[in-house]
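Geometric and topological summary
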Number of protein chains: 2
Amino acid sequence: MASTAPRAWQVVLERIENDLRDGRLTPGDRLTPERELAAQLGVGRSSVREAIRVLEVLGVVRTATGSGPSAGAMIVTTPRGGLAAFLRLQVAANGFPLLDVVRTRIVLECDVAERLAQSDADLSGIHDILGAMDAADLTAEEFLALDARFHQALAEASGNAVISAMMAGLRSSIEGYTSAGAARLEAWPRVVDRLRREHRHIVDAVSRGEADEARETVRAHITDYYTEVAEALRSVDAAPGAAPIV
Amino acid sequence: MASTAPRAWQVVLERIENDLRDGRLTPGDRLTPERELAAQLGVGRSSVREAIRVLEVLGVVRTATGSGPSAGAMIVTTPRGGLAAFLRLQVAANGFPLLDVVRTRIVLECDVAERLAQSDADLSGIHDILGAMDAADLTAEEFLALDARFHQALAEASGNAVISAMMAGLRSSIEGYTSAGAARLEAWPRVVDRLRREHRHIVDAVSRGEADEARETVRAHITDYYTEVAEALRSVDAAPGAAPIV
């Protein structure tokens, strides 16, 4: 088997992680240039590059090629992008059953709705999305893109950065089944009408500060759509199609 | 700014992601060797290596150095490890406020407790951990390691792979504050006694199938400990120490 000693790229990753944790690196800072970091740590430049790619995909750094002030790697924090990449790859590799993804979405979004109902968050951006979803000539793809924005906007308005990031990750991992299902749902225009009504019901319950109603409306909204799509697809998950999801 | 065309390592990552999604690659498979993949995609070997590092940190592949049957990159799925790495780095980079991490933990663990109470999952492993936590001579570090195992074991017994992975990730990101807090809590032996009682109360409510009681006991357990530690640390988060967490 391979040695368990940390490999060169891991040494680089740990150094950067420690610098982040101890505040020697913060968002907006540039990483020490590749060549210098390699020399400091006694590793090859390719190992530095490997560690930087990992950080880039995780959304911790952004890199730009070329020279000039925008070149090199800069610390950013876009947890959402990184988590989305992570969850997408995991679902692609069958790391997570789709049913578990949907159930987790319900857990997170019910909390989002409950908290929003208890807050006085500004919902005007959310009303704008609802308005856009009323357009009569939307394709299924356009409608679902707005639907994704609606759910994400609720999560962001509720103010928990971890839940927003997890939601964004889950959202991208279920996009495949939502669109596939939409394409096969024979009564799509009727489904769209129902989804519009349900979205307004959620926002309405939130605006009235009815936390329990907001939570239960979200639960039913996600459950009903998933069940309908799963039935249309028959075998969307390894579990029997009739498996209850809540 | 940099070009938006996908860079060589992204091309490699997308190819592998597509192969995973379409089932051409599944757990246990070996990746096409570096040299061959580089030739197929018309990119340099260093770009292939960068993409593989990303997959390795995300827990999608495992690589072994050297030659022989264990060399090369194999598809595995260890979502937990990948998510833990992701969340650890994000928290290190201040991507997530600690308070949001704790609140998310409450949302996920309350659901875990509720579902466990509604299931007939085998809790013998969890009772073993409770037994180990009763030892009189545990250091704070040993006690907290068992505490982490206890909470993780509950999540795993509840059977949702996504929630287990998220929990493992959050757990590693809060370990720092739990140990730091424990070291400063003057009444640590008394705190340990309370935590033991609370753990048994959670498992007891789960065993009796009392979902609401299990959920509320978990909520109080996490909230009380965090509040106590936050007070001991005074400024554990950017938010005022007295900010309510639920």
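The name given to chain A in an unreviewed UniProt entry is DNA-binding transcriptional regulator, FadR family, and the organism recorded there is Microbacterium enclense.

1. A few points about the overall build of chain A
The helix and strand tally for chain A stands at 10 helices and two strands. Walking chain A from its N terminus toward its C terminus, one meets helices and strands in the order α-α-α-β-β-α-α-α-α-α-α-α. When the 246 residues of chain A are sorted by exposure, 52% land in the buried category. The long-range fraction of contacts in chain A, counting pairs at least 24 apart against all pairs at least 6 apart in sequence, stands at 69%. Entry remark: accessible area of chain A is about 10,900 Å², with carbon and sulfur atoms responsible for 50%.

2. Focus on the packing of helix H6 (residues 124-133) of chain B against helix H7 (residues 140-158) of chain B
All names here are of chain B. The contact between H6 and H7 brings their axes to 10 Å, and the two run at 165 degrees. Classed by the angle they form, the pair H6 and H7 counts as roughly antiparallel. In terms of crossing hand, the pair formed by H6 and H7 is left-handed. In this structure, H6 uses Ile126, Ile129, Leu130, Ala132 and Met133 to contact H7, whose residues at the interface are Phe143, Leu146, Asp147, Arg149, Phe150, Ala153, Leu154 and Ala157. Each residue belonging to the contact of H6 with H7 can be placed in one class, and the counts come to 11 nonpolar, no polar and two charged.

3. Some thoughts on the nonpolar core
By size, the foremost hydrophobic cluster in this structure holds 98 residues, and its most contacted members are A:Trp188, A:Tyr225, B:Trp188 and B:Tyr225. Other than its neighbours up to four places away in sequence, B:Tyr225 contacts B:Leu144, B:Thr178, B:Ala182, B:Leu185, B:Trp188, B:Val191 and B:Leu195. A:Ala73, B:Ile16, B:Leu25 and B:Leu58 belong to the second largest nonpolar core, which has 42 residues in total.

4. Quick notes on the pattern of salt bridges
Close approach of charged atoms lets side chains of opposite charge pair. Here the structure, examined in full by the defined rule, presents 37 salt bridges over all chains. In this structure, A:Arg53 engages B:Glu50 in a salt bridge whose closest nitrogen and oxygen atoms are separated by 2.6 Å. With A:Arg53 in helix H3 (residues 45-57) and B:Glu50 in helix H3 (residues 45-57), this pair bridges two chains. Across this residue pair, the class does not change: A:Arg53 and B:Glu50 are buried. As a salt-bridge pair, B:Arg49 and B:Glu34 come within 3.0 Å of each other at their nearest N and O atoms. Of this pair, B:Arg49 sits in helix H3 while B:Glu34 is found in helix H2 (residues 34-41), placing the two residues 15 residues apart along the sequence.

5. Digging into the packing of helix H7 (residues 140-158) of chain A against helix H9 (residues 188-207) of chain A
The relative placement of two packed helices comes down to the angle between their axes together with the axis-to-axis distance. Residues and elements named next belong to chain A. At a minimum axis distance of 12 Å, the contact between H7 and H9 shows a crossing angle of 15 degrees. One element, H7, and the other, H9, form an angle in the roughly parallel class. Crossing geometry of H7 relative to H9 is assigned as left-handed. Contact residues: H7 offers Ala140, Phe143, Leu144, Asp147, Phe150, His151 and Leu154, while H9 offers Trp188, Val192, Leu195, Arg196, His199, Ile202 and Val203. Residues belonging to the contact of H7 with H9 are distributed by class as follows: 10 nonpolar, two polar and two charged.

6. Overview of the environment of B:Leu98
All names here are of chain B. Along the chain, the position of Leu98 falls in helix H5 (residues 98-117). With relative accessibility at 13%, the residue Leu98 sits in the buried group. Placed 72 residues apart in sequence, Leu98 and Leu170 show a C-alpha to C-alpha distance of 9.7 Å.

7. Some words on H9(A)
For H9(A), built from 20 residues, the straight-helix expectation of 28 Å at 1.5 Å per residue is met to within 8% by its first-to-last C-alpha distance of 28 Å. Taken together, the buried positions of H9(A) are A:Trp188, A:Val191, A:Val192, A:Arg194, A:Leu195, A:Arg196, A:Glu198, A:His199, A:Ile202, A:Val203, A:Ala205 and A:Val206.

8. Thoughts on the side chain of A:Arg53
A relative accessible area of 10% means that A:Arg53 is categorised as buried. Sequence-distant contacts of A:Arg53, that is, excluding residues within four places in its chain, are made with A:Thr63, B:Trp9, B:Glu50 and B:Val54.

9. Considering the environment of A:Ala182
Residue and element names in this part refer to chain A. Relative to the helices and strands, Ala182 resides in helix H8 (residues 161-184). Looking at Ala182, the relative accessible area reads 4%, which means it is buried. For the pair Ala182 and Leu144, spaced 38 residues apart in the sequence, the C-alpha separation amounts to 8.7 Å.

10. Points about the packing of aromatic side chains
All names here are of chain B. Taken as a whole and assessed by the stated rule, the structure comprises two aromatic pairs over all chains. Here Phe143 and Trp188 contribute two aromatic rings whose centre-to-centre distance is 6.1 Å and whose plane-to-plane angle is 85 degrees, an arrangement assigned as edge-to-face. Taken together, the positions of Phe143 in helix H7 and Trp188 in helix H9 (residues 188-207) put the pair 45 residues apart, joining distant regions of the chain. For the residue pair Phe143 and Trp188, the accessibility class agrees, reading buried in each case.

11. Focus: H7(B)
In this model H7(B) runs 27 Å from its N-terminal to its C-terminal C-alpha over 19 residues, within 8% of the 27 Å that 1.5 Å per residue would give. Every buried residue belonging to H7(B) is among B:Phe143, B:Leu144, B:Leu146, B:Asp147, B:Ala148, B:Phe150, B:His151, B:Gln152, B:Ala153, B:Leu154, B:Ala155 and B:Ser158, and all of these are buried.

12. Let's talk about the side chain of A:Ser47
All names here are of chain A. The residue Ser47 is located in helix H3 in this model. For Ser47, a relative accessible area of 11% corresponds to the buried category. Residues contacting Ser47, with those up to four places away along its chain left out, are Ala8, Trp9 and Val12.

Conventions we followed
Residues numbered from 1 in each chain as written. Chains lettered and ligands numbered in written order. Predicted model: local features only at pLDDT ≥ 70, side-chain atom pairs only at ≥ 80, totals over all residues. Heavy atoms only, no water. Helix = DSSP H or I, 4+ residues; strand = E, 2+ residues; numbered from the N terminus. Buried < 20%, exposed > 50% of the residue type's maximum accessible area, 1.4 Å probe, protein only. Contact = heavy atoms within 4.5 Å. Areas by Shrake-Rupley, 256 points an atom, 1.4 Å probe, with all protein chains shown as cover. Axes fitted to C-alpha atoms, helices over the stretch in contact; angles between N-to-C directions. Parallel < 35°, antiparallel > 145°, perpendicular 65-115°, else oblique. Left-handed = near helix turned anticlockwise from the far one by under 90°. Nonpolar A, V, L, I, M, F, W, Y, C, P; charged D, E, K, R; others polar. Core = buried A, V, L, I, M, F, W, Y, C linked by side-chain atoms within 4.5 Å. Salt bridge = Lys/Arg side-chain N within 4 Å of Asp/Glu carboxyl O. Expected span 1.5 Å × (residues − 1). Phe/Tyr/Trp six-rings, centres within 6.5 Å; stacked < 30°, edge-to-face > 60°.

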